[in-house]
Amino acid sequence: MGRLPVKAGLNAHDNDILTTGLPVKITGIVFWGMVLVGLLIAVFILNGKADELAARNASEAKLLVRALAEHIEANHLAAGQLKNARGDLQQAIETLKSGLHFEAVEFRSGDDVLLIGNPHPEQETVTQTVQIQGKGAAMPPRSLQIRLLFPSLKKTIADYRKKILISIGLLVVTFGLILQQVLYRMLSRPFLGMVAAAESFTGGNAASRFDETRSDEFGFLAKFINRALDSIVRQQAELRQALARATQSEAELFREKERAEVTLQSIADAVITTNAAGEVQYLNPVAERLTGWRNDAAHGLPLARVISIVHDGTGQAVCNPVQECLRNSSVETLHADAALLREDGSMIAIEASAAPMRNDSGDVIGAVMVCQDVSHSRKLAHQLSHQASHDSLTGLANRREFERRLDAAMESARREQKQHILLYLDLDQFKVVNDTCGHVAGDQLLAQLGTLLTHKVRIADTLARLGGDEFGVLLESCDIARGEQIAESLRHTISDFRFVWEDKIFQVGVSIGLVEITASSENSAAVMSAADAACYEAKDEGRNRIQVFHSGNRSAARYGEMQWIARIHRAIEENRLLLYRQNIVAVTGEDSVAHAEILLRMKDENGAIIPPMAFIPAAERYNIMAMIDRWVVTNTLEWLAANPLASNNHPQFLSINLSGQSLGDKNFLQHIVDEFARTGVSAERICFEITETSAIANIGRAKDFISVLKQRGCCFALDDFGSGMSSYSYLKNLDVDYLKIDGAFVKDVAQDPVDFAMVESINRIGHVMGIKIIAEFVEDEPTLEKLREIGVDYAQGFGIHRPEALARAV
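Trainee: Just to check I follow, could you spell out the overall build of the protein chain for this structure?
Mentor: In terms of helices and strands, the protein chain carries 26 helices and 28 strands. Within the span of the protein chain, comprising 810 residues, buried residues form 41% of the whole. Of the contacts made within the protein chain by residues no fewer than 6 positions apart, 63% connect residues no fewer than 24 positions apart. On the protein chain, roughly 43000 Å² of surface is accessible, and the fraction owed to carbon and sulfur atoms is 54%.

Following this line, the structure appears as C-alpha cells:
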C-alpha cells in the first residue's frame with residue numbers, strides 16, 4: 001500500500017503515525033479482507049473444477065468417439081488398416097477438434113495401433129470401445145478401442161488457479177488504491193486538519209479551533225471538540241486566576257505565619273500547643289520562661305511532663321485543661337485558684353484556658369493553651385478581697401462581711417434549728433475624744449479597742465466594726481445566758497480600758513443591744529434593726545449597759561419605728577404617698593385668694609390610708625425627712641403645673657411644710673430651684689412653712705434659705721410659733737410673711753384667758769412687724785369668733801375645712 005503525503009510541520013514520528021494511521025489501517029483491513037474473500041472464492045471454484053474437467057473430457061470423448069466411429073463406417077475404413085487411414089482420420093480429427101480440448105487420439109484394433117496428436121505422460125486419457133461394422137453384411141463387426149488424451153488436470157487446474165489469483169489480486173489492488181484515496185479524502189485529510197488544529201492549540205494558540213464547516217461527522221465532532229476547547233480555555237483562565245489567588249493567598253499566608261510567629265514571640269501570655277495525643281508541639285518564649293523548659297527540649301513530650309498544675313492553696317493536683325479540651329472538643333478554663341508547679345519546686349499563680357484546634361474537616365488535631373502569670377494580680381485580689389471584707393482602721397470584719405456571716409448564721413438557724421446571739425455595741429463618750437483630741441485620736445482609740453476586743457471573743461465568733469464607733473459581735477451556737485455573759489465581759493473590758501493621748505486620759509463606756517437569732521427570726525435586716533433598737537434603749541436607760549431585745553420593751557417600739565423606714569421607702573418607690581390639702585381662710589372673709597396647706601398621707605399595702613403621725617416620727621428619727629420633703633415639693637409643683645388657675649375650686653396658693661433636716665441639707669435649696677425651672681410653676685404660688693424649733697436650730701442656714709427663695713417670689717410661714725422658749729427674740733431675724741400660732745394656744749382660746757392673751761400678744765407683735773397671722777386648730781365657731789375679736793388674719797382647722805385629697809380638688 002502507498003504512504004500518505006507528509007504533513008508539513010510534523011516530525012517524522014508524527015508523520016509515520018498519520019501515514020500509517022487510521023486510514024491506512026482501514027485500507028489494510030479491507031484489502032486483506034478482500035484477499036481472504038478472493039481466496040475463499042478461488043478455493044470454492046477450484047474444488048469443483050476437476051470434476052467439471054473430468055465430465056467435460058468424458059462428454060467430449062463420447063462425442064468424438066461417436067463421430068469417428070461414424071466416419072470410419074461411412075468411409076468403410078477397415079479396422080485392421082488403421083495406419084493406411086492415417087491421413088483420412090487425421091483430417092477428420094482436425095475437422096472435429098474445433099471447440100474440443102483433446103490433444104491426441106489413439107486407435108487400437110487388436111495389434112493395429114494408430115496415434116494421432118502429441119502425447120505426453122501427464123495427459124489424462126478417456127478410452128472407449130466401439131463396434132465397427134465391416135464392409136458388407138457378410139463381414140462381422142470388429143472392436144475398435146479409441147483412447148483420447150486430454151491435457152493434464154493438475155496443470156489445467158494450476159493454470160486456472162493462477163489466472164483466478166491474478167485476477168483477484170489485480171481487482172483487490174485496484175480496489176485498495178481507490179479505497180485508500182477515498183479514505184484519504186474522507187478521513188485522513190480532515191483528520192490531518194484536526195491534528196494540525198490540536199497541535200496549534202497545544203502549541204499555545206488558544207484561539208485555534210477545529211473546522212466546523214464540514215457537514216459530515218468530522219464537522220459534527222469538531223463542534224463538540226470546539227466546545228470542549230472553549231471550556232478548556234475558560235478553565236485555563238479560571239485556573240490561572242485561581243493560581244494567582246492561590247499564589248496571593250500563599251503569600252498572605254506566609255505573611256500571616258510570619259506575623260503569627262512574631263505575635264507568639266512577643267505576646268505577653270504563655271502559649272503552648274499540642275497535638276491530638278496531648279504532646280507538646282510549641283512553646284513561645286513566655287511559656288519557656290514560665291515553665292523552665294526550652295521549646296526544642298519540650299517538643300514531643302507529654303504535656304503533663306512539661307506542665308504540672310496544682311491548687312494554689314492546698315498544693316493538690318489539678319486537671320490540666322488541655323486534657324478536658326481534647327476529651328470534650330470544647331474550650332476549657334483552668335480552676336480559679338490554680339498554680340504552676342515548676343521543676344525547682346516553686347509555684348506561680350496562673351490563669352489558663354485551652355481551646356481545640358481543628359482542620360478543614362472539623363476534626364480536632366490538637367489544642368492550644370494560653371497561660372498568664374497572675375501572681376501579682378492574685379496577690380492584689382487577695383488584698384482587695386481582704387480590704388473589701390475588713391475594716392482598714394481596726395483590721396476587723398467590716399459591715400458587709402458581718403452581714404454576709406449573719407445571713408449564713410440565720411440560714412443555719414432555720415435549717416439546723418441552731419441558736420445564735422447578735423450584739424450591737426455603740427461606744428459611749430466617744431465624741432468627747434474626737435472633739436477634744438481630734439479624729440486621729442479617735443481612730444487610734446477604735447484601733448486599740450478592736451485589738452482588745454478580739455481577745456475577748458471566741459475563735460468561731462465574728463467581731464466587726466459596723467461604722468463610726470459601732471461594733472457588732474456574732475456569737476454562733478450560743479444561747480441568751482451565755483451571750484449575756486460575753487456581752488458583760490466586753491462591756492467590762494471597755495469600761496476598764498483607759499485611753500491615753502498625749503497628756504490626756506479618757507475612759508469610755510459602751511451600750512450593748514442583744515438580740516437572739518432563732519429559726520423564727522425574720523431576716524438579717526430585721527435582726528440588725530432589733531439589735532440597734534436595743535442598743536438605743538440601753539443608751540436611753542443611762543448608757544454603759546446591756547439591753548436584751550424583747551417584744552414588749554421599749555426597744556421593740558423603737559424597732560417598730562425602724563420598720564417604718566423600709567415601708568416609707570417602698571411607698572415612695574411604689575408611688576403610695578398621697579397629697580392632701582386643708583384650706584386656710586380669711587377670718588374676715590375679705591381675702592379672695594384660695595390658700596391651702598399641703599398635708600401628707602400614705603396608702604398601705606392593703607389600700608388603707610395612714611395618717612402622717614404614724615410614720616413621720618420614724619422618718620425624723622432616722623433622718624429621711626429630706627427625702628420625703630423632696631417628694632412633696634416635686635409632686636406639688638407638678639400638680640400646680642397640671643392645674644392652672646382656671647377654676648374657683650383650684651387653690652391658687654399652696655403651703656408646703658419643710659423639716660429641719662431639709663433646712664440642714666445643703667442640696668435641698670438647689671432641688672427646689674431646679675423643680676421650679678423644670679415645672680415652670682411661678683414661685684409666687686408657693687409658701688414654705690418651717691417650724692420655729694427647726695429655724696432656731698439652723699438659724700444661719702434658715703436665713704439664707706428664706707432669702708434666696710423670697711427673691712424668687714416664694715412666701716414663708718413660721719409654723720408652731722409660741723412653742724419655743726425664745727420665740728420673740730428670733731422672730732426679728734427671720735424674714736417671714738406669716739406666723740402660724742401653735743394650736744395648743746388656739747384650741748382653748750375661747751375658754752382660757754391665758755391662751756387668749758398669748759394669741760392676742762402674738763397677733764399684735766406680728767402685725768407691728770408687718771406679718772400676717774394664721775391660727776391653727778380652729779375646730780368650732782366660738783373659737784373662730786374669738787379670733788375675729790383679736791383680729792387674726794387667717795384660720796385653719798377641722799371647724800373650717802377637713803383635709804381632702806389634692807387630686808379630688810381638681
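Trainee: Honestly, the confidence of the model for the protein chain in this entry has me stumped. Any pointers?
Mentor: Detailed reading of predicted coordinates is not advised where the pLDDT is low. On average, residues of the protein chain carry a pLDDT of 82, and 89% of them reach 70 or more. The low-confidence segment residues 1-10 (pLDDT under 50) makes 27 contacts with residues lying over four places distant or belonging to another chain.

Trainee: What's the story with the nonpolar core in this structure? I'm lost.
Mentor: Generally speaking, soluble globular proteins have nonpolar side chains that are buried together. In terms of nonpolar packing, the biggest core is built from 68 residues, with Phe688, Leu718, Val736 and Leu739 touching the most fellow members. In this structure, Ala441, Val457, Phe499 and Phe506 belong to the second largest nonpolar core, which totals 31 residues.

Trainee: Just checking my understanding: could you explain the packing of aromatic side chains for this structure?
Mentor: Aromatic ring pairs are reported here in terms of the distance separating the ring centres and the angle at which the planes meet. In this structure the tally under the stated criterion is seven aromatic pairs. Through a chain of ring-to-ring contacts, the aromatic side chains of Phe668, Phe688, Phe705 and Phe716 assemble into a single cluster. Sitting over the face of the ring of tyrosine 580, arginine 601 holds its NZ or CZ atom 5.1 Å from the ring centroid.

Trainee: Would you mind going over the pattern of salt bridges with me for this structure?
Mentor: Working definition: two side chains of opposite charge can pair if their charged atoms are close together. Counted according to the given criterion, the structure contains 36 salt bridges. Notably, a salt bridge pairs glutamate 106 with arginine 108, separated by 3.6 Å at the nearest N-O pair. Overlapping salt bridges, with partners in common, bring together Glu411, Arg414, Arg415, Glu416 and Lys418 in one network.

Trainee: Please explain the packing of helix α11 (residues 399-416) against helix α15 (residues 524-540) as it appears in this structure.
Mentor: To describe two helices that pack against each other, one gives the angle between their axes and the distance between the axes. Relative to each other, α11 and α15 sit at 110°, their axes nearing to 10 Å. The orientation of α11 with respect to α15, classified from their angle, is roughly perpendicular. The element α11 and its partner α15 pack so that their crossing is right-handed. Of α15, the residues touching α11 (which contributes Arg399, Phe402, Leu406, Asp407 and Met410) are Ser524, Val527 and Met528. Across the contact of α11 with α15, the residue classes tally to five nonpolar, one polar and two charged.

Trainee: How should the sheet that holds strand β13 (residues 462-467) be read in this particular structure?
Mentor: Pairing between the strands of a sheet comes from backbone hydrogen bonds, and it takes one of two forms, parallel or antiparallel. Pairing within the open sheet is mixed, and its five strands lie in the order β13-β14-β12-β17-β18. Every interior strand has two partners, whereas the edge strands, β13 and β18 (546-548), have only one. Ignoring strand direction, the axes of neighbouring strands in this sheet form an average angle of 20°. Relative to strand β14 (residues 470-475), β13 runs antiparallel, the two being bridged by five bridges. If you follow alanine 464 over to β14, its bridge partner there is glycine 472. Of the strands in this sheet, β12 (420-428), β13, β17 (509-517) and β18 are in contact with α15, which crosses β17 at around 145°.

Trainee: Can you walk me through the packing of helix α18 (residues 625-642) against helix α20 (residues 668-679) in this structure?
Mentor: The N-to-C vectors of α18 and α20 enclose an angle of 15°; their axes lie 10 Å apart at closest approach. Here α18 lies roughly parallel to α20, going by the angle between them. In this structure, the crossing between α18 and α20 has a hand that is right-handed. In contact with Ala626, Asp629, Arg630, Val633, Thr634, Leu637, Glu638 and Ala641 of α18, α20 contributes Phe668, His671, Ile672, Glu675, Phe676, Arg678 and Thr679. Residues of the contact of α18 with α20, tallied by class, amount to seven nonpolar, three polar and five charged.

Trainee: Looking at this structure, I do not really get the pairing of strand β15 (residues 498-501). What am I missing?
Mentor: Consecutive side chains along a regular strand alternate between the two faces of the sheet. As paired elements, β15 and strand β16 (residues 504-507) share four bridges and run antiparallel to each other. Bridge pairing in β16 links tryptophan 501 to lysine 504. Hairpin connection of β15 to β16: two residues between the antiparallel strands, including glutamate 502 at a positive phi of 55°.

Trainee: What should I look at first to understand helix α14 (residues 480-496) in this one?
Mentor: An α-helix turns once every 3.6 residues. As a result, residues three or four positions apart point the same way. End to end, α14 covers 24 Å across 17 residues, agreeing with the expected 24 Å (1.5 Å per residue, within 8%). What α14 keeps buried is the set Gly483, Ile486, Ala487, Leu490, Arg491, Thr493, Ile494 and Ser495.

Trainee: What is the right way to read a nonpolar patch on the surface from this model?
Mentor: On the surface, Val37, Ile41, Phe44 and Ile45 cluster together into a nonpolar patch covering about 390 Å² of accessible area. Looking at the element boundaries, isoleucine 41 is found in helix α2 (residues 22-75).

Trainee: Got a minute to help me understand the layout of surface pockets in this structure?
Mentor: Using a probe with the size of a water molecule, rolled over the atoms, empty space left in the structure can be pinpointed. Volume-wise, the largest pocket comes out at about 1000 Å³. Taken together, 34 residues form the lining of the largest pocket, with Glu597, Leu599, Pro612, Met613 and Asn657 sitting closest to its centre. Sorting the residues of the lining of the largest pocket by element identifies β19 (577-586), β20 (595-603), α17 (616-621), α18, β22 (653-658), β23 (686-691) and β24 (715-721) as the ones contributing at least two each. Broken down by class, the residue content of the lining of the largest pocket amounts to 17 nonpolar, eight polar and nine charged.

Trainee: For this particular structure, what's the right way to read the pairing of β24?
Mentor: Across the seven residues of β24, six count as buried, placing the element largely inside the fold. Judged from the five bridges that link them, β23 and β24 form a sheet pairing that is parallel. Within β24, the position partnered with glutamate 689 by the bridge is alanine 717. With three bridges joining them, β24 and strand β25 (residues 738-741) adopt parallel strand pairing. Of the residues in β25, the one forming a bridge with phenylalanine 721 is isoleucine 741.

Rules and cut-offs
Residues numbered from 1 in each chain as written. Predicted model: local features only at pLDDT ≥ 70, side-chain atom pairs only at ≥ 80, totals over all residues. Heavy atoms only, no water. Helix = DSSP H or I, 4+ residues; strand = E, 2+ residues; numbered from the N terminus. Buried < 20%, exposed > 50% of the residue type's maximum accessible area, 1.4 Å probe, protein only. Contact = heavy atoms within 4.5 Å. Areas by Shrake-Rupley, 256 points an atom, 1.4 Å probe, with all protein chains shown as cover. pLDDT = per-residue confidence, 0-100. Core = buried A, V, L, I, M, F, W, Y, C linked by side-chain atoms within 4.5 Å. Phe/Tyr/Trp six-rings, centres within 6.5 Å; stacked < 30°, edge-to-face > 60°. Lys NZ or Arg CZ within 6 Å of the ring centre and 35° of its normal. Salt bridge = Lys/Arg side-chain N within 4 Å of Asp/Glu carboxyl O. Axes fitted to C-alpha atoms, helices over the stretch in contact; angles between N-to-C directions. Parallel < 35°, antiparallel > 145°, perpendicular 65-115°, else oblique. Left-handed = near helix turned anticlockwise from the far one by under 90°. Nonpolar A, V, L, I, M, F, W, Y, C, P; charged D, E, K, R; others polar. Pairing = 2+ DSSP bridges. Expected span 1.5 Å × (residues − 1). Patch = residues over 30% accessible without salt bridge, like charges linked within 9 Å, V, L, I, M, F, W, Y side chains within 5 Å. 1 Å grid on protein atoms, 1.4 Å probe; cavity = no way out; pocket = protein on both sides within 12 Å on 5 of 7 lines; lining within 4 Å. Points joined across faces, edges and corners; volume = space filled by probe spheres on them.

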